[in-house]
Amino acid sequence: MNDEQAKDLLIKILEHYTTGSVLHLLSDLCRELAEDSRQDGDALACDRFKTIEQALFVVGLGVDAANPSS
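Attention in this report is confined to the structure presented alongside it. Since this is a predicted model, take the numbers as computed values, not measurements.

1. Overview of the overall build of the protein
Point 1. Counting secondary structure elements, the protein contains three helices and zero strands.
Point 2. Listing the helices and strands of the protein from first to last along the sequence gives α-α-α.
Point 3. What you see for the protein is a C-alpha radius of gyration of 14 Å, clearly larger than the 11 Å of a compact globule of 70 residues, by over 25%.
Point 4. Its C-alpha atoms put the protein at 40 × 30 × 15 Å along the principal axes.
Point 5. Looking at the protein as a whole, 19% of its 70 residues are labelled buried.
Point 6. The long-range fraction of contacts in the protein, counting pairs at least 24 apart against all pairs at least 6 apart in sequence, stands at 57%.

Written as structure tokens, this is what we have:
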């Protein structure tokens, strides 16, 4: 997949989800990666993924608050 294909896919996704919802989905993926890292014994990666998860969630709230119909 190249950048243009990824952008086209994101446009299709945004027809059904708000931008904040997409960021929340990415946040969920990071939570899963954090758990996987924890189970693998990689505390540093776990902490990093948790931080990313939290940031994506908060930014998603802000984006949807600023433009709920986006």
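Following the structure, the description resumes.
2. Digging into a nonpolar patch on the surface
Point 1. Residues F57, V58 and L61 make up a contiguous nonpolar surface patch of roughly 280 Å² in combined accessible area.
Point 2. Mapped onto the elements of the fold, L61 is located in helix α3 (residues 43-66).

3. Quick word on helix α1 (residues 3-14)
Point 1. Taking 1.5 Å as the rise per residue, α1 with twelve residues should run 16 Å; its terminal C-alpha atoms sit 16 Å apart, in good agreement.
Point 2. Regarding α1, its N-cap is N2, as a side-chain oxygen of that residue lies 3.0 Å from the backbone nitrogen of E4 further along.

Parameters at a glance
Residues numbered from 1 in each chain as written. Predicted model: local features only at pLDDT ≥ 70, side-chain atom pairs only at ≥ 80, totals over all residues. Heavy atoms only, no water. Helix = DSSP H or I, 4+ residues; strand = E, 2+ residues; numbered from the N terminus. Rg over C-alpha atoms; globule rule 2.2 N^0.38 Å. Buried < 20%, exposed > 50% of the residue type's maximum accessible area, 1.4 Å probe, protein only. Contact = heavy atoms within 4.5 Å. Patch = residues over 30% accessible without salt bridge, like charges linked within 9 Å, V, L, I, M, F, W, Y side chains within 5 Å. Areas by Shrake-Rupley, 256 points an atom, 1.4 Å probe, with all protein chains shown as cover. Salt bridge = Lys/Arg side-chain N within 4 Å of Asp/Glu carboxyl O. Expected span 1.5 Å × (residues − 1). Polar contact = N/O pair within 3.5 Å; in protein donor to acceptor, adjacent residues only side chain to side chain.

Shape descriptors only; they carry no functional weight alone.
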